[in-house]
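# Residue-level structure breakdown
Spelled out, the chains give:
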Amino acid sequence: MPFNLKKIPAKVEAFRYHIVKSSMPFSISRSIPELWRQRRELTRRKQTIGLVPTMGALHAGHISLIRQAARENNSVYVSIYVNPTQFGVKEDLNSYPRTWNNDIDILKELCQQFEHEHRDFQFMTVFAPDTTTMYPGLPPTSEIAGDGSFVTITPLATLLEGASRPVFFRGVATVVMKLLNIVQPDKVYFGQKDIQQTIIVTRMVEDFHVDTEVRVGPTIREEDGLAMSSRNVYLGKRRRAVGTVLWRALQAAAQAYAAGRTKRSELLEAAQQVISSMLESQRKLGPRKRALFEVDYISVAHPSFMTEVEDIDRRKGAVLIGAIKMLPLEDVQKGEDAGLGDGVSPVRLIDNIILQGEGNVKSGDEVTP
Ligand SMILES: Nc1ncnc2c1ncn2[C@@H]1O[C@H](COP(=O)(O)OP(=O)(O)OP(=O)(O)O)[C@@H](O)[C@H]1O
Ligand SMILES: CC(C)(CO)[C@@H](O)C(=O)[O-]
Ligand code: BAL
C-alpha cells in the first residue's frame, strides 16, 4: 500500500445507524435507482451527503477530500469512474491507472475510521457505474465534433488546460453534472490541484441552478512539493526528481509577488529562471541520466475567469498556474525505475498557487503579500 492508514479495531455495534439495504456501513453501488431511493430516505431523515468524484487510483489528495466530506456531512459518496469523454482521442484513457482492489481497501478502512471519529457518521457508498449507465444514449465520444448530450462552459473550458485538451472540460462538466443529478449531494468536493476544474464546476452549478455547494480542498503534496496525482506512477525516478520544477517555478513567481512585483512579465520571468536552469542542467547530463520536459503554459490568471492578467490588482489577487509535459525517457537502463509503462509515454503535470486577494480568507498554498 502506498500509504499508512492507521488501523482501528472494528466496532462491535458498528451498524446501528444504517439505512442502506446491506447491513454494512460501507457499500458499493452501480445502480442509479438504488442511489435515488437512498437519497429520498436521507432527505426524509434530514441527513446530509457529501460527494467526492474521483477516477480512482486513490492517493492522499483524494483521502484528504474524503476526510473533509466526512467531517462536514453525515454520509459520504465516493464515485470511481474513469470518464471516457474527458480524454482526447490520443490521450491515456486505456492506460489510466486502475487500482480497484487497493481503492476499496483504502475506502473500507477510512469508513471504519469515520465511524470511530464522527459521532453522526452514517455510511460510505462507493458509486462505480459502468459506461452504459453513465451514457445511456449515444456511446461516449472523445471527438470534439462528436454527437451526444454535453455540458459546455465557455470560454472557461477553452483556456489553459482546455487549450491543450480541447474535449477535457466538456467531458468533466458533463460527467460532474450527471454525478450531481444522480447523488444530489449537499456538498461536492474537488481538489485545488485541478483549479480550473473547480472554477468550471462552480460556474456550472451556478448557471444551471444545481442545489449543491462546491467545496475546494487544498493540494496535497509529496515532501519535496510535487502535487500528488494518480499519473505520478508513470514518472519513474528520473522524471519524478525533475517534476518538482513546476512547483518550484510557481513558487519563485509567488515569491516575486510577495516581494512587491505585480506585473505578469515580472512573475513569469521569475518562473522562467527556474525552468531554464533546470532544463540546462538536465541537457548537460546526457540521454542516460536526464529527464527532459516541455512547458505547456505558465500563466498569471484571473481567479474567476482564468484569463491572462497583465498587472495583478492586489485586492483581487490571481492564480499562478502551469502545466508541463515530462517527455519520454531516453536510453532507459536495464533495472532502472522508469515508472509504470517503462517511461515510454509523456506525463502531464499541472499545479497552481493562489495569490489571495486582500481581505479574503487564506488557505492551503495561498500567498498574500
Ligand atoms: N494532490 C491533490 N490534492 C488534493 N486534491 C487532489 C489532488 N490530486 C487530485 N485531487 C482531486 O481529487 C479529485 C479526483 O481527481 P483524480 O481522480 O483525477 O486524481 P488525480 O490525481 O487528479 O489524477 P490525474 O492524474 O488524472 O490528475 C479531483 O477533485 C482532484 O482535484
Ligand atoms: C472530477 C472528475 C472525477 C470527473 O471525471 C475528474 O476530472 C477528476 O478526477 O478530477
Ligand atoms: N484530475 C483531472 C483528470 C484528468 O486530468 O484527466
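Refer to the preceding data block for the structure.
To keep things clear, this report deals only with the structure shown in the data block. Note that the structure is predicted; figures quoted are calculated from it, not measured. Chains are numbered independently. Their residues run from 1 in the order of the written sequence. Chain letters start at A and ligand numbers start at 1, both assigned in the order the entries are written. Given that the model is predicted, a residue must reach a pLDDT of at least 70 before its local features are reported, and side-chain atom pairs must reach 80 or more before they are shown or counted; all residues, however, enter totals for whole chains, interfaces and linings. Heavy atoms throughout the structure, all of them, feed into the side-chain values; hydrogens and water do not.

## Some points on the pattern of salt bridges
Keep this limit in mind: Definition used for salt bridges: Asp or Glu carboxyl oxygen within 4 Å of a side-chain nitrogen of Lys or Arg. Put simply, DSSP marks the helices as runs of H or I at least four residues long and the strands as runs of E at least two long, and each gets a number from the N terminus on. For every residue, the accessible area (1.4 Å probe, protein chains only) is compared with the maximum for its type, and the residue is labelled buried under 20%, exposed over 50%, or partly exposed between those bounds.
Throughout the structure, instances matching the rule amount to 23 salt bridges. The residue Glu206 makes a salt bridge to Arg203 at a minimum N-O spacing of 3.4 Å. Here Glu206 and its partner Arg203 are both found in helix α7 (residues 195-207), 3 residues apart, which amounts to about one turn of the helix. Accessibility expressed as a relative area gives 29% for Arg203, which makes it partly exposed. In this structure, the salt-bridge partner of Arg221 is Asp351, at a minimum N-O distance of 2.8 Å.

## Quick word on the site of ligand 2
What counts, and what does not: Nearness is defined per residue: one heavy atom within 4 Å of the molecule or strand is enough. Side-chain atoms alone can form a polar contact between residues adjacent in sequence; in general such a contact is a pair of N or O atoms within 3.5 Å, and within protein one must be able to donate a hydrogen while the other accepts it. Areas reported here follow the Shrake-Rupley algorithm with a probe of radius 1.4 Å; residue values treat only the protein chains shown as occluding. Three categories are distinguished: nonpolar for Ala, Val, Leu, Ile, Met, Phe, Trp, Tyr, Cys and Pro, charged for Asp, Glu, Lys and Arg, and polar for the others, with Gly belonging to the last.
Taken together, the residues surrounding ligand 2 are Pro53, Thr54, Met55, Asn83, Gln86, Val172, Val175, Phe190 and Gln197. In the model, an oxygen atom of ligand 2 is placed 2.7 Å from a nitrogen or oxygen of the Gln86 side chain. One of the side-chain nitrogen or oxygen atoms of Gln197 is found 2.7 Å away from an oxygen atom of ligand 2. The protein chains hide 88% of the 280 Å² of surface that ligand 2 would expose on its own. Taken together, the elements giving at least two residues each to the shell around ligand 2 come down to β2 (49-54) and α6 (168-183). In terms of residue class, the shell around ligand 2 is made up of 5 nonpolar, 4 polar and no charged.

## As for the site of ligand 3
Around ligand 3, the neighbouring residues are Met55, Gln86, Arg165, Phe168, Asp194 and Arg231. Within the complex, the protein chains bury 85% of what would otherwise be the 230 Å² of accessible surface of ligand 3. Its residues placed into classes, the shell around ligand 3 shows 2 nonpolar, 1 polar and 3 charged.

## Some thoughts on unusual backbone geometry
One can expect most non-glycine residues to show negative phi and most peptide bonds to be in trans. A cis amide bond links Thr154 with the next residue in sequence, Pro155, at an omega value of 0°. Tracing the chain through its elements places Pro155 in the loop between α4 (131-134) and α5 (161-164). A positive phi angle, near 55°, is found at Lys46, a position not held by glycine. Within the fold, Lys46 resides in the loop between α1 (32-44) and β2. The backbone of Leu160 shows a phi angle near 45°, a positive value even though the residue is not glycine. With respect to the helices, strands and loops of the structure, Leu160 is situated in the loop between α4 and α5.

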